[in-house]
Amino acid sequence: MRFAPAVLIVLLAAYPLVATLPFPQHIVIMALLFATMGTAWNILGGLAGQVSIGHAVYFGIGAYTAAYFYKHFALSALATWPLALLISTAASVVIGLPTFRLRGHYFVLASVFIMQAVYVIVSNSATLGAGIGLELPVYRAKDWTDALWHLQFRDSKLPFYYAALVLFVAALGTFEWIRRRRLGLILTAVREEEDAARSLGVDTMRYKLVALIVSAAFTTLCGMFYAHYVQYVEPISTTSLVVSIEIAFIAIFGGIGTVWGPTLAAFVIIPLTELLRAYLSGRIAIGLAGTLQDGGLLAYLKYYAAGGGGQIDLLIYGLIIILIARFQPRGMLGFFRRLD
Amino acid sequence: MIYAQVVVDGIIVGLVFALVAMGLSLIYGVMNIVNFAHGEFMMIAMYLCFFMAVGLGLDPLASAPIVALAMFAFGVLVYRLVARHLLEASMIAQMFATFGMLLFFQALVNFLWKADTRSVPDNWSTGNFSVAGLFFNTPELVASLGALATAIVLFWFINRTETGLALQAAAEDPQVARLLGVNTDRMYALTWGLSAATVGVAGALLSTFLPVYPLVGTNWALPAFVAVAIGGFGSITGAFWGGIIVGLVQTVGGFATSPNYKLLFVYGLYLLIVLLRPHGLMGKR
């Protein structure tokens, strides 16, 4: 078991050399991205017990910083990441200072409302493209250094794949490092017995802020990665309530507070939803094209068989969340714990 | 005069928030569950009204009682299938079950009928009029008064009937209530039914002038959460007054800046309330 992490990393590093087609690579890139965000969320939500349904704020900070500076100044995330982390840290402090005084559902609702407030501001900001969003212009690189500087690789997903892998390993390493240090013990104390920790003189606010800053930093970097990878940033897919739920759910689905839970969850859920989306998106286009105009029950059946109005991935996602909460509230790792 | 108009508009929309918030606070008061899918219940009721208007030619005001009954059954079903099994679960499991329902119902409606906005074709309540220099939009006023009437009925039911008092007993102390012969399981089912039915009536009233689309519930349910916080979590009366305050803050804030930003004032109000008076404006410390 000691070598399991190393084996996993080697396997992940070798995967795109075996699976050379873009789509299988894309699925694992997305799984790595969500595993990173779930692990980052777990630092705050799992170790410190602060359930944030507002992490898409930090994802949005990363995505919009990358998109805005690339679009207007041709500066890629390689140049702007310190700025993004600065914004994300400032936002963490501004958001954390008032909300960390709240407990339980008061805290969860506060994170939801701050999330929604940011959504309102972003989707009304002309600078950030309002509801339409920002597109990162396509650039034809002259050579590979040029491509690297612009983070645009036309023929290959490999650079993005390995960047995602590095982010993932860094997040996982940070989580495990914090968990084993004094900081991890203090965060666990904050989660289990906050009042007792405070009565012993622990400045719990400071430690919760540290957990949030680290957690937000990784989420911000994931946002920057996403912006360059998808080359398009809009409010609903970056800084919305749905994205916040997705991030938190990855950690909760796998087993909140566990090292491998978020990774396990990401590698189960993301391939499932990505495959469904890909399988149905082609059929949805056909479904929307005209079957409904014929009228009649048969037309409707054809329309639904073709994927209806879309969002079937979110449909499945919602169903999984309900079922997990209903039958296995300790998360997927709860299944395995029962055995020992 | 313009200020009087803004205040009147705020109260009109506030009464609808009040009704939505009362259903939310009811579930919280009885079961300690924050139902994030409350707005989706309303959205489903609005679709029911739309299809009854198109298919049967029923005006939403006529179909409101049918919608209330259907939503009552729906609420009981959600309790039986999901909420009942969360009574002993952690806060995270409870919240995520309702987050899951939020995603599920939004996506389901999207799948069935696309994200298009739909409006009920002909309405009984249309037009507008003015009294003493104040301008009234008839469907909005009708919705507001309908919400007030429904709120009064709910209030009467909970405080003046035997079943309502049994429900309060189950909320106060389930074990003692059980000893006194109250079937708490039925009371919980009733709570979900009543909550869904009242938010269903709110949806029916709103569908006379608002278009229906999958995300329509969020803009009504999230401010309703703020109303619940203002009134003190679990308090029905508090949620009612909280709803009116939220309506006023949203309308005045939107008037002072831009309607696009009206919700910012409501969300800000939540932070102010929970940080300064965590038990609500009327609650004891």
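Up top is the structure these notes are about.
Counting secondary structure elements, chain B contains 11 helices and 2 strands. Across chain B, helices and strands are ordered from the amino to the carboxyl terminus as α-α-α-α-β-β-α-α-α-α-α-α-α. Over its C-alpha atoms chain B spans a radius of gyration of 18 Å, differing by no more than 12% from the 19 Å that the globule rule assigns to 285 residues. In terms of principal-axis extent, the alpha carbons of chain B reach across some 60 × 45 × 35 Å. Across the 285 residues that make up chain B, the buried fraction comes to 56%. Considering only contacts in chain B between residues 6 or more positions apart, those separated by 24 or more positions represent 77%.

Turning to the overall build of chain A, a few remarks are in order. Scanning chain A for helices and strands turns up 17 helices and 2 strands. Put simply, chain A has 340 residues, and 48% of those count as buried. Taking the contacts inside chain A whose residues are at least 6 apart along the sequence as the reference set, 78% of them involve residues at least 24 apart.

Next up on the list: the nonpolar core. Residues and elements named next belong to chain B. In terms of nonpolar packing, the biggest core is built from 212 residues, with Val-16, Ala-18, Val-20 and Ala-45 touching the most fellow members. Ranked by residues supplied to this core, first place goes to helix H1 (residues 2-31) with 16 residues. Contacts of Ala-45, omitting those with residues within four sequence positions, involve Val-67, Met-71, Val-199, Gly-200, Gly-203 and Ala-204.

Another point: unusual backbone geometry. Residue and element names in this part refer to chain A. With phi around 50°, Ala-130 is a residue other than glycine that occupies positive phi space. Within the fold, Ala-130 resides in the loop between helix H5 (104-122) and strand E1 (134-135). By the C-beta count within 10 Å, which is 15 here, Ala-130 ends up partly exposed.

Taken together, the contacts link 36 residues of chain B with 35 residues of chain A. Listing elements by their share of the side of chain B that touches chain A, those giving two or more residues are helix H4 (91-113), helix H9 (218-231) and helix H11 (262-276) of chain B. In terms of residue count, the dominant contributor to the side of chain B that touches chain A is H4(B) (17 residues). When the residues that make up the side of chain B that touches chain A are grouped by side-chain class, the tally is 30 nonpolar, 5 polar and 1 charged.

Residues and elements named next belong to chain B. Pairing between strand E1 (residues 128-131) and strand E2 (residues 134-137): 4 bridges, direction antiparallel. When the bridges of E2 are listed, Phe-129 appears paired with Phe-136. As consecutive antiparallel partners, E1 and E2 are separated by 2 residues, and within that stretch Ala-132 has a phi angle of approximately 50°, a positive value.

In this section: helix H12 (residues 241-254) of chain A. Residue and element names in this part refer to chain A. If you check H12, its first and last C-alpha atoms are 20 Å apart, about what 14 residues at 1.5 Å a residue would give, namely 20 Å. At Ala-248, H12 is bent by approximately 25°, the largest bend along its length. Within H12, 13 of the 14 residues are buried, which leaves the element mostly enclosed by the surrounding structure. Gly-255 sits one or two positions beyond H12 and adopts a positive phi of about 130°.

Okay, the packing of helix H10 (residues 236-256) of chain B against H11(B) next. Residue and element names in this part refer to chain B. Running from amino to carboxyl end, H10 crosses H11 at an angle of 135°, the nearest separation of the two axes being 7 Å. In terms of axis orientation, H10 runs oblique to H11. Between H10 and H11 lies a crossing of right-handed hand. Across the interface between the two elements, Val-246, Val-249, Gln-250, Gly-253 and Gly-254 from H10 touch Lys-262, Leu-263, Phe-265, Val-266 and Leu-269 from H11. Across the contact of H10 with H11, the residue classes break down as 6 nonpolar, 3 polar and 1 charged.

Time to look at the environment of A:Phe168. All names here are of chain A. Looking at where Phe-168 falls in the secondary structure, it is placed in helix H7 (residues 158-180). Note on Phe-168: 24 C-beta atoms within 10 Å, which makes it buried. Sequence-wise, Phe-168 and Ile-43 are 125 residues apart; in three dimensions their C-alpha atoms are separated by 14 Å. Setting aside residues up to four positions removed in sequence, Phe-168 forms contacts with Leu-32, Ala-35 and Thr-36.

This next bit is on helix H16 (residues 312-327) of chain A. Here H16(A) is 16 residues long and its end C-alpha atoms lie 22 Å apart, about the 22 Å a rise of 1.5 Å per residue gives. All of the buried residues in H16(A) are A:Ile312, A:Asp313, A:Leu314, A:Leu315, A:Tyr317, A:Gly318, A:Ile320, A:Ile321, A:Ile322, A:Ile324 and A:Ala325.

Residue and element names in this part refer to chain B. One can describe the packing of H9 onto H10 by two numbers: an axis separation of 7 Å at closest approach and a directional angle of 125°. As the angle between them shows, H9 and H10 are arranged oblique. Note on packing geometry: the crossing formed by H9 with H10 is right-handed. For the pair formed by H9 and H10, the contact residues are Pro-223, Ala-224, Val-226, Ala-227, Val-228, Ile-230 and Gly-231 on the first element and Gly-238, Ala-239, Trp-241, Gly-242, Gly-243, Ile-245, Val-246 and Gln-250 on the second. Of the residues contributing to the contact of H9 with H10, the split by class is 10 nonpolar, 5 polar and no charged.

What follows concerns the environment of A:Leu97. Relative to the helices and strands, A:Leu97 is located in helix H4 (residues 77-99). Taking the C-alpha atoms as reference points, A:Leu97 and A:Ala117, 20 residues apart in sequence, are found 17 Å from one another.

Cut-offs and rules
- As a convention, each chain's residues are numbered from 1 in the sequence order in which they are written.
- Each chain takes a letter, starting from A, and each ligand takes a number, starting from 1, following the order in which they are written.
- Only residues with pLDDT of 70 or above have their local features reported here, since the model is predicted, and side-chain atom pairs are shown and tallied only from 80 upward, although totals for entire chains, interfaces and linings are computed over all residues.
- Secondary structure elements are taken from DSSP: a helix is a run of H or I of four residues or more, a strand is a run of E of two residues or more, and numbering for both begins at the N terminus.
- Radius of gyration here is computed from C-alpha atoms only, and the compact-globule reference equals 2.2 Å multiplied by the residue count raised to the power 0.38.
- Counts of 20 or more other C-beta atoms within 10 Å of a residue's own C-beta define buried residues, counts of 12 or fewer define exposed ones, and intermediate counts define partly exposed ones; C-beta atoms are placed from the backbone.
- Contacts are defined on C-beta atoms placed from the backbone: any two residues whose C-beta positions lie within 7 Å are in contact.
- For our purposes the nonpolar core covers buried Ala, Val, Leu, Ile, Met, Phe, Trp, Tyr and Cys residues that link as a set through C-beta atoms within 7 Å.
- Throughout this entry, Asp, Glu, Lys and Arg are counted as charged residues, while Ala, Val, Leu, Ile, Met, Phe, Trp, Tyr, Cys and Pro are counted as nonpolar. The remaining residues, Gly among them, count as polar.
- Pairing between two strands requires that DSSP report at least two bridges joining them.
- To estimate the expected span of a helix, count its residues, drop one, and scale the result by 1.5 Å.
- One axis is fitted to the seven residues ending at the residue and one to the seven starting there. The bend at that residue is the angle between these axes.
- Geometry is summarised by axes, namely lines fitted to C-alpha atoms with helices restricted to the contacting stretch, and by angles between N-to-C directions that run from 0 to 180 degrees.
- Orientation is classified from the angle alone, with under 35 degrees giving roughly parallel, over 145 giving roughly antiparallel, 65 to 115 giving roughly perpendicular, and any other angle giving oblique.
- In this scheme, a crossing is called left-handed if the near helix is turned counterclockwise away from the far one by less than a right angle; it is called right-handed if the turn is clockwise.

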